[in-house]
Amino acid sequence: MRPFVQYYDAIYSDKNYRADTDILRGLVTSSARPTILEIGSGTGNQTLLLQEWADVTAVETDTDFVQYLRQKCSAHSSVKVFDVDIGGVPVIAYDGAAAYFHVVNYISTMNGLTHLFSEVAKRLKPSAPFLFDMWHGECVMGDPPRATTRIKQYHNHMGKGQVTQAISPQLDYRARNITLDYKITVEPHGIVFNETIRLHLWQQNEIVNALHHAGFSNVQFHDGRNFANPATSQSWTLWVTAHR
């Protein structure tokens with residue numbers, strides 16, 4: 001297991017995972033215990049919160065993340081983990097779906113994006129919601145990220161300590177791709193490692209067209225920091241909702 005995955009929950013210990021899952025809970029209208037399809041489950045932080053009120057199918061294709069995810073969710077019978085492309089997940093009618101932590105930005109082609117949306121749509125009940133977050137392509141292109149160093153304190157199941165992230169971004173304007181080179185130090189373990197993340201900056205009209213092509217409607221963009229607010233040109237990240 002590569003260090004980025006091993007220490008992921010320390011690196012992102014400051015993220016409000018419950019706020020993410022509460023958004024979906026507010027969108028799902030099923031009165032019984034609903035079924036949820038989660039794409040890109042990572043280490044399972046949202047997964048465990050979702051399973052408090054729903055039966056969850058968690059989909060993850062990264063081998064290291066799958067290993068961590070299975071370990072974390074092994075005691076919860078309400079979670080089923082699939083380590084396949086979403087097209088390999090059994091087609092049943094879910095009450096809702098989510099792809100957290102800008103999963104769509106890891107997809108770099110329109111074929112890949114429409115494949116994801118179409119496969120999600122096949123697995124949702126009529127009118128069921130699909131929720132995901134993303135980097136706001138137009139905003140990021142106009143105000144790209146700069147090299148920075150972030151220092152975070154963590155105190156969770158990983159223990160107690162400090163994470164230092166030195167981030168060096170490189171933006172390819174023509175391709176609308178951004179590469180984030182991380183140098184991460186985890187104390188008190190004395191662990192130092194590098195990780196590179198590559199993202200594609202989708203524009204809003206591309207998202208709308210791909211969702212409509214897949215059979216979704218009522219596409220709405222919300223501010224990434226406050227879901228209650230509509231997205232603006234200054235919203236650096238977005239929440240997107242659509243209904244089957």
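The structure this text deals with has already been given above.
Now for a description of the structure that goes with this document. All values reported here derive from a predicted model rather than from experimental measurement. (Residues numbered from 1 in each chain as written. Predicted model: local features only at pLDDT ≥ 70, side-chain atom pairs only at ≥ 80, totals over all residues. Heavy atoms only, no water.)

## Regarding the overall build of the protein chain
In terms of regular secondary structure, the protein chain is built from eight helices and 11 strands. Taking 244 residues into account, the globule formula puts the C-alpha radius of gyration at 18 Å, and the protein chain, at 18 Å, falls close to it. With respect to the three principal axes, the spread of C-alpha positions in the protein chain is 50 × 45 × 30 Å. Going through the 244 residues of the protein chain one by one, you find that 50% of them count as buried. (Helix = DSSP H or I, 4+ residues; strand = E, 2+ residues; numbered from the N terminus. Rg over C-alpha atoms; globule rule 2.2 N^0.38 Å. Buried < 20%, exposed > 50% of the residue type's maximum accessible area, 1.4 Å probe, protein only.)

## Considerations on the sheet that holds strand 4 (residues 96-99)
Here seven strands make up an open sheet; going across it, the order is 3-2-1-4-5-11-10 and the pairing mixed. Each edge of the open sheet carries a strand with a single partner, namely strand 3 (79-82) and strand 10 (217-223). Averaged over all pairs of adjacent strands, the angle between their axes in this sheet comes to 20 degrees, without regard to strand direction. As defined by bridge partners, strand 2 (residues 55-59) adjoins strand 3 across four bridges and the pair is classed as parallel. By the bridge assignment for strand 3, Val56 is matched with Val79. (Pairing = 2+ DSSP bridges. Axes fitted to C-alpha atoms, helices over the stretch in contact; angles between N-to-C directions.)

## Side note on the packing of helix 6 (residues 110-122) against helix 8 (residues 204-214)
One can describe the packing of helix 6 onto helix 8 by two numbers: an axis separation of 8 Å at closest approach and a directional angle of 45 degrees. As far as their axial angle goes, helix 8 and helix 6 are oblique. Viewed along their axes, helix 6 and helix 8 form a crossing whose handedness is right-handed. Mapping the contact onto sequence places Met110, Leu113, Thr114, Phe117, Ser118 and Ala121 in helix 6 and Glu206, Ile207, Ala210, Leu211, His213 and Ala214 in helix 8. Among the residues forming the contact of helix 6 with helix 8, the class breakdown is eight nonpolar, three polar and one charged. (Parallel < 35°, antiparallel > 145°, perpendicular 65-115°, else oblique. Left-handed = near helix turned anticlockwise from the far one by under 90°. Contact = heavy atoms within 4.5 Å. Nonpolar A, V, L, I, M, F, W, Y, C, P; charged D, E, K, R; others polar.)

## Quick word on the pairing of strand 8 (residues 177-187)
Residues of strand 8 alternate between two faces, with Ile178, Leu180, Tyr182, Ile184 and Val186 buried on one and Asn177, Thr179, Asp181, Lys183, Thr185 and Glu187 left unburied on the opposite face. Pairing of strand 8 with strand 9 (residues 191-200) involves 10 bridges; the strand directions are antiparallel. By the bridge assignment for strand 9, Lys183 is matched with Asn194.

## Overview of the nonpolar core
Counting 32 residues, the largest nonpolar core has Phe117, Phe130, Phe132, Ile207, Leu211 and Phe216 as the members making the most contacts within it. Residue assignment for this core shows that the elements contributing at least two residues are strand 1 (35-39), strand 4, helix 6, strand 5 (129-135), helix 8, strand 10 and strand 11 (237-243). Residue contributions to this core peak at five residues, all from helix 6. Once residues lying within four places of it in the same chain are set aside, the contact partners of Leu211 are Phe117, Phe130, Phe132, Phe216, Val219, Val240 and Ala242. (Core = buried A, V, L, I, M, F, W, Y, C linked by side-chain atoms within 4.5 Å.)

## Quick notes on helix 3 (residues 17-27)
Tyr17, Asp20, Thr21, Ile23, Leu24 and Leu27 are the residues of helix 3 that are buried. Buried residues of helix 3 fall within an arc of 145 degrees about the axis and therefore sit on the same side. Against helix 2 (8-11), strand 1, helix 4 (45-50), strand 4, strand 5 and strand 11 lie the buried residues of helix 3. (Arc of directions from axis to C-beta.)

## Let's talk about the side chain of Arg123
On the secondary structure map, Arg123 appears in the loop between helix 6 and strand 5. By relative accessible area, which is 1% here, Arg123 ends up buried. Within polar-contact distance, the side chain of Arg123 engages the side chain of Glu119 at 2.7 Å. Setting aside chain neighbours within four positions, we find Arg123 in contact with Leu37, Ile86, Gly87, Val89, Pro90, Val91, Ile92, Ala93 and Tyr94. (Polar contact = N/O pair within 3.5 Å; in protein donor to acceptor, adjacent residues only side chain to side chain.)

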